[in-house]
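# Architecture at a glance
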Amino acid sequence: QGQLVESGGGSVQAGGSLRLSCVASGRTFSAYAMGWFRQAPGKAREYVSSIDYTGGSTFYAPAVKGRFTISRDNAKSTVYLQMNNLKPEDTAVYYCARQARSYSGSSQFQREYDTWGPGTAVTVSS
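Residues numbered from 1 in each chain as written. Predicted model: local features only at pLDDT ≥ 70, side-chain atom pairs only at ≥ 80, totals over all residues. Heavy atoms only, no water.

With that settled, consider the sheet that holds strand 3 (residues 18-26). What the 4 strands build is an open sheet, ordered 1-3-8-7; its pairing is antiparallel. Both outer strands of the open sheet, strand 1 (2-7) and strand 7 (68-73), are each paired with one neighbouring strand and no more. Between one strand axis and the next, the sheet turns through 15 degrees on average, direction left out of account. With 6 bridges connecting them, strand 3 and strand 8 (residues 78-83) associate as antiparallel partners. Counted as the bridge partner of L20 is L81 from strand 8. (Pairing = 2+ DSSP bridges. Helix = DSSP H or I, 4+ residues; strand = E, 2+ residues; numbered from the N terminus. Axes fitted to C-alpha atoms, helices over the stretch in contact; angles between N-to-C directions.)

Right under this line is the structure:
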């Protein structure tokens, strides 16, 4: 099944930027859509963004649209999440996930993903 490992989290002030990375191993990276989710303290995990297996289609939750950008480098088996103009409400643990079905469009639904990373923490102070 392989594994996913996120990096790039940290602490920033409001208005700052961070770039998260997620390196995948195991299954052929270029065959699978990837997603980013987050879980804030005391809240359920929620969808942030996703990208199809080609990198040609991207989707965003309304809360992050226009501030976050998802991308992928299939040669490096890596998916990225560029986060700009960060807000305190973006504080969360961010998880990378890989969809179960190959050669499909990306999904906002967690049940469609079968491989998850351990997460990387992002803290945004006001």
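This paragraph deals with the side chain of S21. Considering the arrangement of structural elements, one finds S21 in strand 3. For S21, a relative accessible area of 16% corresponds to the buried category. In contact with S21, not counting residues within four places along its chain, are V5, E6, S7, W36, T78, V79 and Y80. (Buried < 20%, exposed > 50% of the residue type's maximum accessible area, 1.4 Å probe, protein only. Contact = heavy atoms within 4.5 Å.)

Secondary-structure assignment places A61 in the loop between strand 6 (58-60) and strand 7. The exposure class of A61 is buried, given its relative accessible area of 12%. Spatially, the C-alpha atom of A61 lies 8.5 Å from that of Q108, the residues being 47 residues apart in sequence. Apart from residues lying up to four places away in sequence, A61 is in contact with Y47 and V48.

Under the criterion given, the structure shown has 5 salt bridges. With a shortest N-O distance of 2.7 Å, R38 and E46 are connected by a salt bridge. Judged by relative accessible area, which is 37%, E46 ranks as partly exposed. A salt bridge links R67 to D90; its shortest N-O distance comes to 2.7 Å. In this pair, R67 sits in the loop between strand 6 and strand 7 while D90 sits in the loop between strand 8 and strand 9 (92-102), placing the two residues 23 residues apart along the sequence. Of the two residues, R67 and D90, both sit in the buried class. Sharing partners across several salt bridges, the network here consists of R38, E46, R67 and D90. (Salt bridge = Lys/Arg side-chain N within 4 Å of Asp/Glu carboxyl O.)

So, about unusual backbone geometry. A positive phi angle, near 50 degrees, is found at N85, a position not held by glycine. Note on placement: N85 falls in the loop between strand 8 and strand 9. For N85, a relative accessible area of 42% gives the class partly exposed. The backbone of Y103 sits at a positive phi, close to 50 degrees, despite the residue not being glycine. Relative to the helices and strands, Y103 resides in the loop between strand 9 and strand 10 (113-116).

Worth remembering: the numbers are spatial, not functional.
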